[in-house]
Structures are given as structure tokens and as C-alpha cells.
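Below, each chain spelled out in residue letters.
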Amino acid sequence: MDRKVAFLGPIGTFSEEAARFFFEDRSASFIPFSSIPNVLESLARGDVEFAVVPIENSIEGTVNLAMDWLVHRIDVPIRGELAYPISQHLMGAQQIELEQIEKVLSHPQAIAQSRLFLQEHLPNVEIEYTKSTAEAVQLVSENPDKRWAAIGNRLSQQIYPVHFLRESIQEQSNNYTRFLLVSSEKLEGKATDREKTTVLVTLPSDFPGALHQVLAAFAWRKINLSRIESRPTKTGLGNYHFIIDIEQKMDDILLPGAFAEMEALGCQVRNLGSYPCYVKQVTVGS
Ligand SMILES: O=C(O)C(=O)C[C@]1(C(=O)O)C=C[C@@H](O)C=C1
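Since the model is a prediction, treat every value here as computed from it, not as a measurement.

Student: Would you take a moment to explain the overall build of the protein for this structure?
Tutor: What the protein contains, in helices and strands, is nine helices and 15 strands. Here the C-alpha atoms of the protein give a radius of gyration of 21 Å, agreeing with the 19 Å that 2.2 N^0.38 yields for 286 residues. Its C-alpha atoms give the protein principal-axis dimensions of about 65 × 50 × 35 Å. Looking at the protein alone, contacts between residues at least 24 apart form 77% of all its contacts between residues at least 6 apart. If you sum the accessible surface of the protein, you get close to 13500 Å²; carbon and sulfur atoms cover 49% of it. Across the protein, 27 positive and 36 negative side-chain charges occur, with their mean positions spaced 2 Å apart.

Rendered as C-alpha cells:
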């Protein structure tokens with residue numbers, strides 16, 4: 001039976017492209033949802049077996065909604081990571097000049113990634129945020145009489161009747177978004193040589209050198225960390241926990257030792273998943 005994979009819709013989003021990458025060598029059905037919470041809740045309810053969500057962009061940083069929902073609202077492990085190259089294109093229902101555009105629609109991440117272009121070429125245009133890039137492209141295509149433009153990917157231009165007005169308008173050509181695959185099942189058999197483990201560490205209370213001691217548990221074991229981020233615990237102003245990406249898979253000695261040391265300090269340690277990491281290479285004309 002086909003595995004069901006939830007992604008942020010409608011069809012044609014970057015999230016759909018990322019979801020298809022994870023399953024490119026096996027059959028699956030891809031199901032669009034209208035928000036990241038709906039994607040993750042459908043997984044938690046068991047309506048789908050897998051969910052794919054964006055977690056961080058190289059220009060704009062963490063997708064807080066996805067990170068927080070994973071940590072606070074559901075308890076399903078991370079099973080894979082994909083660094084996916086992102087090219088943003090400006091599209092219109094008609095081939096109009098930039099000066100004629102009155103409004104630009106897109107997802108806040110896509111708008112942020114295109115800020116320099118917008119400031120230079122469309123500094124006074126109205127910006128409307130949509131739930132996804134493909135939703136913006138769909139809305140623009142459905143309103144051909146309006147002087148609107150959408151920012152989105154090449155896939156959405158193939159799905160919705162729109163034209164390119166400008167291509168590759170993102171701030172940097174080296175623009176990547178990391179997506180996470182979340183599931184109670186493992187995704188077997190997709191080869192990679194890189195693995196990561198992500199943990200959530202909650203400090204017992206604020207005391208001098210607390211974070212230093214947490215980091216020391218990794219440092220003297222020579223365990224490499226690639227990211228540490230503090231997020232509010234949502235229990236009160238000034239209360240944070242730390243999301244730490246560790247550059248190795250869960251083992252029997254080193255990581256359990258580091259976790260035990262942190263727990264001995266009074267920290268809570270939750271393993272959010274140990275998983276393979278993939279990178280999609282940039283293809284010409286993406
Ligand atoms: O709107 C989309 O196409 C998405 O898949 C969401 C999203 C994001 O939230 O970061 C994914 C990748 C891009 O960075 C822009 C938007």
C-alpha cells in the first residue's frame with residue numbers, strides 16, 4: 001500500500017518538491033494541507049504515515065512554527081533531513097512590466113528571501129503574505145485582471161497558468177532550505193554518508209555557567225555540534241530550552257554518556273531523532 005506523505009499545499013510548493021525527493025525511488029501519495037500545524041497534526045492523528053516540513057532557511061533562519069510544533073505539540077521522531085536549493089521567481093498572470101505591479105503575494109519566507117530585489121525594483125508595492133508560495137501563485141493565476149505578482153518556484157509555474165516576470169530573485173544564489181521528514185516509521189534504504197541527532201535540552205533553572213556545562217558534555221567527548229538554538233519554553237518570559245543538532249547518529253556510548261552527564265546536572269534531555277541527511281544538488285533551470 002502507498003505510504004501517505006503530508007506537505008504544506010496547495011500542490012506546487014517547495015515542501016511538495018522536498019517530499020517527493022524523500023520518496024523519489026518508491027511509491028507514495030502526497031497529500032497537501034493548508035498549514036504546517038495541519039501537516040503535523042495529520043501525522044500525529046495517524047491520517048498519514050509521513051510529514052515533511054521546512055525547518056530552516058539559509059537567508060531567513062528558523063521556521064519557528066515548524067520547530068515549535070515539533071517540540072511542543074507532537075511527539076513523533078525526525079527521520080530525515082534534506083537541504084534543498086531554493087530559487088524564487090516572480091510570476092504574473094499576464095506578461096506585465098514591473099512598474100505596473102501593484103501587489104506582490106507570497107509566503108513570508110519567500111518574501112524575506114527576495115527582500116533586496118523587492119527593495120530595488122518594487123520598493124512601494126503592497127505585500128500580501130500567503131500560507132505558501134504555491135497559494136500565492138494560484139491566487140495570482142485566478143485573478144488575471146489584477147496587477148498582482150507572486151513569488152514562487154518553477155514547479156508552480158508549470159501547474160498554474162502564470163508567466164515568469166523575473167527569474168532567480170532570491171537574495172543569494174546559494175539559497176537553501178532544510179526540510180525534515182517526520183514519522184513513527186523509518187525511511188529505509190536511501191543512501192547517505194551523513195547522519196545527525198537532534199536533542200532538546202531544558203536547563204533545571206538559570207544558574208551561572210549552565211549552558212557552558214551542557215556544551216562541555218559534548219566538547220570533551222569531541223562530539224561536533226552544527227547548531228544550537230534557544231526557543232522559549234512557553235512557560236514564562238525568560239524561560240528557554242535549547243535545540244541542539246549533533247553531527248553524528250545515536251550510538252551506544254558517546255551520546256548516551258553526554259545525555260547522562262546533562263541529566264546529572266538536572267537538565268531534561270529529549271531525543272527528537274537520529275536521522276540521515278541528504279542534499280539536493282542544484283540543477284540548471286530550477
Ligand atoms: O511556501 C512554500 O512553498 C513552502 O514550502 C514553505 C517554505 C518555508 O516555509 O520556508 C519552504 C521553502 C522556501 O523557503 C519558502 C517557503
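Student: I'm lost on the packing of aromatic side chains in this one. Help?
Tutor: Remark: the centre distance and the inter-plane angle together describe each pair of aromatic rings, the angle taken between the planes. Taken as a whole and judged by the stated rule, the model has six aromatic pairs. With 6.3 Å between their ring centres and 80 degrees between their planes, phenylalanine 21 and phenylalanine 22 make a pair best called edge-to-face. Here phenylalanine 21 and phenylalanine 22 have matching classes, each one buried. Ring geometry for phenylalanine 23 and phenylalanine 50: centres 5.0 Å apart, planes at 70 degrees, overall edge-to-face. Of this pair, phenylalanine 23 sits in the loop between α1 (14-22) and β2 (28-33) while phenylalanine 50 sits in strand β3 (residues 50-57), placing them 27 residues apart in sequence. Overall, the relative accessible area of 2% leaves phenylalanine 23 in the buried class. A relative accessible area of 2% means that phenylalanine 50 is categorised as buried. Ring-pair connections join several aromatic residues into one group, and the members of that group are Phe21, Phe22 and Tyr278.

Student: Which parts of the structure should I look at to understand the pattern of salt bridges?
Tutor: Close approach of charged atoms lets side chains of opposite charge pair. All told, the structure shown has 19 salt bridges when counted by the stated rule. Of the charged contacts, one joins arginine 45 and aspartate 47 as a salt bridge, the two residues approaching to 2.8 Å between their closest N and O atoms. For the salt bridge of aspartate 245 with arginine 227, the shortest nitrogen-to-oxygen distance reads 3.4 Å. Placement of the pair is aspartate 245 in strand β14 (residues 240-246) and arginine 227 in strand β13 (residues 225-232), with a sequence separation of 18 residues. A relative accessible area of 1% means that aspartate 245 is categorised as buried. Residues joined by salt bridges that share partners form a network here, namely Glu56, Glu81, Arg178, Lys196, Arg227, Glu229 and Asp245.

Student: Can you walk me through the UniProt feature "site: Essential for prephenate dehydratase activity" (unreviewed entry) in the protein in this structure?
Tutor: Within the UniProt annotation, "site: Essential for prephenate dehydratase activity" (unreviewed entry) is assigned to Thr177. Summarising the element assignment, threonine 177 is placed in strand β11 (residues 176-183). The buried category is assigned to threonine 177, whose relative accessible area is 6%. In this structure the side chain of threonine 177 is engaged in a polar contact, spanning 2.9 Å, whose partner is the side chain of asparagine 57.

Student: So what exactly am I meant to see when it comes to helix α8 (residues 210-219) here?
Tutor: Helical geometry: 3.6 residues make up each α-helical turn, so side chains three or four residues apart lie on a common side. Within the span of α8, buried status applies to Ala210, Val214, Ala217 and Phe218. Seen along its axis, α8 keeps its buried residues to an arc of 100 degrees; they face one direction. In α8, the exposed positions that point more than 90 degrees away from the buried face belong to His212 and Ala219. Taken together, the buried residues of α8 touch β12 (195-202), β13, β14 and α9 (254-264).

Each value, and the rule that gives it
- Residues numbered from 1 in each chain as written.
- Predicted model: local features only at pLDDT ≥ 70, side-chain atom pairs only at ≥ 80, totals over all residues.
- Heavy atoms only, no water.
- Helix = DSSP H or I, 4+ residues; strand = E, 2+ residues; numbered from the N terminus.
- Rg over C-alpha atoms; globule rule 2.2 N^0.38 Å.
- Contact = heavy atoms within 4.5 Å.
- Areas by Shrake-Rupley, 256 points an atom, 1.4 Å probe, with all protein chains shown as cover.
- Lys, Arg positive; Asp, Glu negative; His and termini not counted.
- Charge placed at Lys NZ, Arg CZ, Asp CG, Glu CD.
- Phe/Tyr/Trp six-rings, centres within 6.5 Å; stacked < 30°, edge-to-face > 60°.
- Buried < 20%, exposed > 50% of the residue type's maximum accessible area, 1.4 Å probe, protein only.
- Salt bridge = Lys/Arg side-chain N within 4 Å of Asp/Glu carboxyl O.
- UniProt positions renumbered as here; feature names shortened; annotations may be inferred.
- Polar contact = N/O pair within 3.5 Å; in protein donor to acceptor, adjacent residues only side chain to side chain.
- Arc of directions from axis to C-beta.

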